[in-house]
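Okay, here's what each chain looks like letter by letter:
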Amino acid sequence: MILRGRFTPRRKALLALVLLALAWLGWGWYSGVAITQGVEKEQMDWNGDGQVSRDEFLQAFYAVKVQDSEEGSRHCRSFIWRSSGEEFRRDCRTVFKKGAAE
C-alpha cells in the first residue's frame, strides 16, 4: 500500500512557485531575454564602464533582449532594450567553416 501525504498549503505554495518559475523561463526564452540566450556575466556591461554591477546583472533577467543574426560567415548578436526597442550594442564575429577553403 502506498501512503500519500495530504497536499498541504506548504506543498501547494511550493508547486505554485515552481510553476511560476517555469512560466517565467518559458516567457524569457520566447521573448529572447538575455539571461536565457547564453549571455555570460562578463558580457552584461550594458553601460560600457568596464564593470558589471548588480543592476546590470538583474537587467539581463527582464530588460535586455538579444537577437542573433547570420549573414554568410558573419555572426552578429544585437542587444536591445525591451522597453524602447533601441539597439545599444552589437557584437559581430567571423566564423570560418571547416572545408570551406578547399
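Note that this is a predicted model, so its numbers are computed, not measured. (Residues numbered from 1 in each chain as written. Predicted model: local features only at pLDDT ≥ 70, side-chain atom pairs only at ≥ 80, totals over all residues. Heavy atoms only, no water.)

Draft legend 1. Just the overall build of the protein, in detail. Scanning the protein from terminus to terminus reveals two helices and three strands. Listing every helix and strand of the protein by position from the N terminus yields α-α-β-β-β. Its C-alpha atoms give the protein a radius of gyration of 20 Å, clearly above 13 Å, the size a compact globule of 102 residues would have. Considered along the principal axes of its C-alpha atoms, the protein spans approximately 70 × 40 × 25 Å. In the protein, which comprises 102 residues, the share counted as buried stands at 18%. For the protein, contacts bridging at least 24 residues in sequence account for 28% of all contacts bridging at least 6. Within the structure as shown, the protein displays about 8,300 Å² of accessible surface, and the carbon and sulfur contribution to it stands at 55%. The averaged location of the 13 negative side-chain charges in the protein is 16 Å from the averaged location of its 16 positive side-chain charges. (Helix = DSSP H or I, 4+ residues; strand = E, 2+ residues; numbered from the N terminus. Rg over C-alpha atoms; globule rule 2.2 N^0.38 Å. Buried < 20%, exposed > 50% of the residue type's maximum accessible area, 1.4 Å probe, protein only. Contact = heavy atoms within 4.5 Å. Areas by Shrake-Rupley, 256 points an atom, 1.4 Å probe, with all protein chains shown as cover. Lys, Arg positive; Asp, Glu negative; His and termini not counted. Charge placed at Lys NZ, Arg CZ, Asp CG, Glu CD.)

Draft legend 2. Representation of the layout of surface pockets within the structure. Estimates place the volume of the largest pocket at around 200 Å³. Every residue along the wall of the largest pocket is listed here: Gly-38, Gln-43, Asp-68, Ser-69, Glu-70, His-75, Cys-76, Arg-77, Phe-79, Asp-91, Cys-92 and Arg-93. Among the secondary structure elements, those contributing two or more residues to the lining of the largest pocket are strand E1 (64–71), strand E2 (74–81) and strand E3 (87–94). Here the element with the most residues in the lining of the largest pocket is E2; it accounts for four residues. Within the lining of the largest pocket, the residues separate by chemical class into three nonpolar, four polar and five charged. (1 Å grid on protein atoms, 1.4 Å probe; cavity = no way out; pocket = protein on both sides within 12 Å on 5 of 7 lines; lining within 4 Å. Points joined across faces, edges and corners; volume = space filled by probe spheres on them. Nonpolar A, V, L, I, M, F, W, Y, C, P; charged D, E, K, R; others polar.)

Treat this as a map of the structure, not an account of what it does.
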